[in-house]
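Summary of structural features
So you can see what is in the structure, the chains are spelled out below.
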Amino acid sequence: MKIAVVSPNKIQLNEIGKLLQAASHVAVLVDGGIGSLRQAAEQEAPDLMLVDAACGDLDALAQVEYVTSHHPRIAMVMLCSGASPDFLMRAMRAGVAEVLPAPVAPLDLAAAVERVARKQRGLAPRAVGKLFAFIACKGGSGATFLATSLGFQLAEAKTVLLVDLNLQFGDALSFVHDARPASTLADVARDIGRLDASFLAASTVRVAPNFSILAAPDDHTQALDITPSQVEAVLALAVLHYDFVLLDVGRAIDTLSIKALDHASTIFVVMQAGLPSIRNAKKMLAIFKSLDYGADKIELIVNRFDKKGTIGVANIERALGKFKLHTVPNSYKQVTASIDHGDPLMTTARANPVSRNLADFARVLSPRPAVGRSLFERLLGRGAAGPRLSSHTTEERHVVP
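This structure is a prediction, so every number in the text was calculated from the model and none was measured.

What counts and what doesn't
Residues numbered from 1 in each chain as written. Predicted model: local features only at pLDDT ≥ 70, side-chain atom pairs only at ≥ 80, totals over all residues. Heavy atoms only, no water. Salt bridge = Lys/Arg side-chain N within 4 Å of Asp/Glu carboxyl O. Helix = DSSP H or I, 4+ residues; strand = E, 2+ residues; numbered from the N terminus. Buried < 20%, exposed > 50% of the residue type's maximum accessible area, 1.4 Å probe, protein only. Axes fitted to C-alpha atoms, helices over the stretch in contact; angles between N-to-C directions. Parallel < 35°, antiparallel > 145°, perpendicular 65-115°, else oblique. Left-handed = near helix turned anticlockwise from the far one by under 90°. Contact = heavy atoms within 4.5 Å. Arc of directions from axis to C-beta. Pairing = 2+ DSSP bridges. Right-handed = clockwise from strand over helix to strand, strands pointing away. Phe/Tyr/Trp six-rings, centres within 6.5 Å; stacked < 30°, edge-to-face > 60°. Lys NZ or Arg CZ within 6 Å of the ring centre and 35° of its normal. Nonpolar A, V, L, I, M, F, W, Y, C, P; charged D, E, K, R; others polar. 1 Å grid on protein atoms, 1.4 Å probe; cavity = no way out; pocket = protein on both sides within 12 Å on 5 of 7 lines; lining within 4 Å. Points joined across faces, edges and corners; volume = space filled by probe spheres on them.

1. Brief notes about the pattern of salt bridges
- Considering all chains together, one arrives at 11 salt bridges under this definition.
- For arginine 90, the salt bridge identified is with aspartate 86, shortest N-O distance 3.0 Å. Taken together, the positions of arginine 90 and aspartate 86, both in helix α4 (residues 85-93) and 4 residues apart, correspond to about one turn of that helix.
- Overall, the relative accessible area of 39% leaves arginine 90 in the partly exposed class.
- In this structure, arginine 190 and aspartate 187 form a salt bridge, with 2.8 Å as the shortest nitrogen-oxygen distance. Of this pair, arginine 190 and aspartate 187 both sit in helix α7 (residues 185-190), 3 residues apart, roughly one helical turn.
- For aspartate 187, a relative accessible area of 25% translates into the label partly exposed.

Below you can see the structure in the form of C-alpha cells.
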C-alpha cells in the first residue's frame with residue numbers, strides 16, 4: 001500500500017517511514033505542516049495519508065476535509081496527542097478514519113494500517129493476534145518449558161510464533177527441536193529494512209505445522225546490536241500474521257524487555273512454591289507496579305506445584321496479593337527427559353499430568369467452539385473428564401513470607 005506521511009517532525013517522520021517500509025509499504029515522507037496536505041494528495045495519490053497535526057487546529061481539519069471530499073479514495077489517519085472529545089468528533093465528520101495518539105506506538109500504527117488496507121480490499125478486519133509474555137522470577141522456574149509447551153498446545157488450532165527474547169542465554173528452540181536455526185532474531189534485526197511477513201517466516205524454525213520459533217542469537221555479542229525499536233517492528237508485524245505471539249523474556253528487565261512487555265496483553269510470571277521464588281516474585285511485581293502494569297495484565301504460574309507441600313496457594317496469595325494464579329503439577333523426571341531430548345512433552349507423553357494440565361490451560365487461553373455431541377456420547381463422557389488446570393484468584397493481603 002502507498003502511504004504518505006505528513007509531519008513537520010523529521011525524527012517522527014523517519015521513524016514512521018522505517019516502520020512502514022519494514023512492513024513492505026511504499027512510504028512517501030512529506031516534511032512539512034498541514035499546508036503540504038493538498039499537494040501531497042494530488043501529486044502522490046496515496047492509498048492512505050498519515051497526518052501529524054496539532055490537536056484542536058480547526059484549520060488542519062479544514063485541510064483534511066478538503067482532501068477527503070476531493071479524493072474520497074484516500075483514507076485519512078491523524079496523529080494527535082491529547083485530542084479532546086469535541087476535536088475527535090469534528091475529525092470524524094471531516095472524514096478521518098482514525099485518530100491515533102502521537103507519538104504513535106508501532107503496534108498501534110501497524111494495526112491501524114492493516115484495518116485501512118483490509119477495508120480498502122473489501123475484507124473484514126482481521127483480529128490482531130494476542131501477545132503473551134513469559135518471565136521467570138527465578139532461574140530454573142520453567143518459564144521456557146511452559147512457553148514452548150503452551151505454544152505447541154495452542155498451535156493445534158491456531159497459528160503461533162514464539163520469539164526468544166532471552167538474548168544472552170536463550171535456548172527455547174532446543175526445548176522442542178534439535179536443529180540449529182539458519183537465522184535468529186539478530187539476523188532479522190541486522191536486516192530490518194527487509195522485514196515483511198515472508199522474511200519473518202523465513203527467519204523462523206517451524207517446529208510444527210502451525211508453530212514457529214524465532215530463535216535468540218547464538219553469539220551473545222550479536223544481542224548487543226538488537227534495539228528496542230527493532231523488536232517493536234518485529235512484534236508489530238507478527239501480531240498481524242499470527243494468532244498468538246509468545247515471548248520468552250528471560251529474567252532481565254531492561255529497556256528492550258520493557259518495550260516488549262508494554263505491548264503484551266498478559267504477562268505470565270513463572271515461579272515455584274518456595275521462599276526464594278516468592279521473594280523474587282514480590283520484587284518483580286513491585287517493578288511491574290512501578291511500570292504502571294495493572295493486576296489485570298499479570299498472571300502467576302506456580303510450576304512444579306505439590307498440593308501436599310509446605311507452601312500452598314493460600315500462602316502465595318497472602319504474600320503476593322491479588323493476581324490470577326495457575327498451578328502446574330510436578331512431573332520432574334518426564335519433563336526433564338523431554339527437554340533433554342528436545343521433544344515436546346505433549347507428543348511423547350500426552351497422558352502425563354503436566355501435558356493434560358497445559359492442554360486445559362491452552363483451552364482457557366484459546367477457547368474452541370463447542371461441538372455438539374449425541375445423548376449417548378454425553379452419557380458416556382459424564383464424569384470422565386481428566387485433570388483440569390488449577391486456577392485461583394487471590395485476595396489482596398500483605399503478609400511477607
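Next comes the rest of the write-up.
2. Some words on unusual backbone geometry
- Residue alanine 102 is joined to proline 103 through a cis peptide bond whose omega torsion reads 0°.
- Located in the positive-phi region is serine 24, a residue other than glycine, with phi close to 70°.
- Inspection of the secondary structure puts serine 24 in the loop between α1 (10-22) and β2 (26-31).
- According to the relative accessible area criterion, serine 24 is partly exposed, its value standing at 43%.
- One non-glycine residue, aspartate 292, lies in positive phi territory at about 65°.
- In this structure, aspartate 292 sits in the loop between α12 (275-290) and β12 (298-305).

3. Comments concerning the packing of helix α6 (residues 143-154) against helix α16 (residues 353-365)
- Put simply, α6 and α16 touch, their axes get as near as 9 Å, and they point 65° apart. Comparing their axes, α16 and α6 come out roughly perpendicular. Note on packing geometry: the crossing formed by α6 with α16 is right-handed. Residues Phe145, Leu146, Ser149, Leu150, Gln153 and Leu154 of α6 touch α16, and the partners they reach there are Val354, Ser355, Leu358, Ala359, Phe361, Ala362 and Leu365.

4. Looking at helix α11 (residues 255-263)
- Of all the positions in α11, only Leu256, Ser257, Ala260 and Leu261 are classed as buried. All buried residues of α11 lie within an arc of 130° about the axis, which places them on one face of the element.
- Where the residues of α11 are buried, they touch β6 (130-136), α10 (228-241), β10 (244-250), β11 (266-271) and α12.

5. Examining the pairing of β11
- Most of β11 sits out of view: 6 of its 6 residues are buried.
- Taking every second residue as pointing to the same face, both faces of β11 are buried, with Thr266, Phe268 and Val270 on one and Ile267, Val269 and Met271 on the other.
- Where β6 lies against β11, 5 bridges are found, and the strand directions are parallel. Each bridged residue has a counterpart across the sheet, and for isoleucine 135 the counterpart in β11 is valine 269.
- In this view, the connection linking β11 to its parallel neighbour β12 by way of α12 has right-handed handedness.

6. Let's talk about the environment of valine 160
- Within the secondary structure, valine 160 is located in strand β7 (residues 160-164).
- When the C-alpha atoms of valine 160 and isoleucine 192 are compared, they prove to be 21 Å apart, with 32 residues separating the residues in sequence.
- Setting aside its immediate chain neighbours within four residues, valine 160 contacts Gly151, Leu154, Ala155, Asn210, Phe211, Ser212, Tyr242, Phe244 and Leu246.

7. With respect to the packing of aromatic side chains
- For the coordinates displayed, the defined rule picks out 6 aromatic pairs.
- With a centroid separation of 5.1 Å and 25° between ring planes, the pair formed by phenylalanine 134 and phenylalanine 268 is classed as stacked. Of the two residues, phenylalanine 134 sits in strand β6 while phenylalanine 268 sits in strand β11, which places them 134 residues apart along the sequence.
- Taking relative accessible area as the criterion, phenylalanine 134 reaches 1% and is therefore assigned buried.
- Within the aromatic cluster, the residues linked to one another by ring pairs are Phe132, Phe134, Phe244, Phe268 and Phe361.
- Sitting over the face of the ring of tyrosine 66, arginine 38 holds its NZ or CZ atom 3.7 Å from the ring centroid.

8. What to know about the packing of α12 against helix α13 (residues 313-320)
- Two numbers describe how α12 lies on α13: the axes approach to 10 Å, and their chain directions differ by 35°. Viewed along their axes, α12 and α13 form a crossing whose handedness is right-handed. Taking contact as the criterion, the partners of Ile278, Ala281, Lys282 and Leu285 in α12 are, on α13, Ile316, Ala319 and Leu320.
- Split by residue class, the contact of α12 with α13 holds 6 nonpolar, no polar and 1 charged.

9. Re empty space enclosed by the protein
- For the coordinates displayed, the defined rule picks out 2 cavities of 30 Å³ or more.
- Space inside the largest cavity adds up to approximately 40 Å³.
- In terms of lining, the largest cavity is formed by Phe145, Thr148, Ser149, Phe175, Val176, Ser338, Ile339, Asp343, Pro344 and Leu345.
- Contributions of two or more residues to the lining of the largest cavity are made by α6 and α14 (332-341).
- A total of 3 residues in the lining of the largest cavity trace back to one element, the largest contributor, which is α6.
- Lining the second largest cavity are Gln153, Leu154, Ala157, Lys158, Ala362, Arg363, Ser366 and Arg368.
- Elements with a contribution of two residues or more to the lining of the second largest cavity: α6 and α16.
- Within the lining of the second largest cavity, the residues separate by chemical class into 3 nonpolar, 2 polar and 3 charged.

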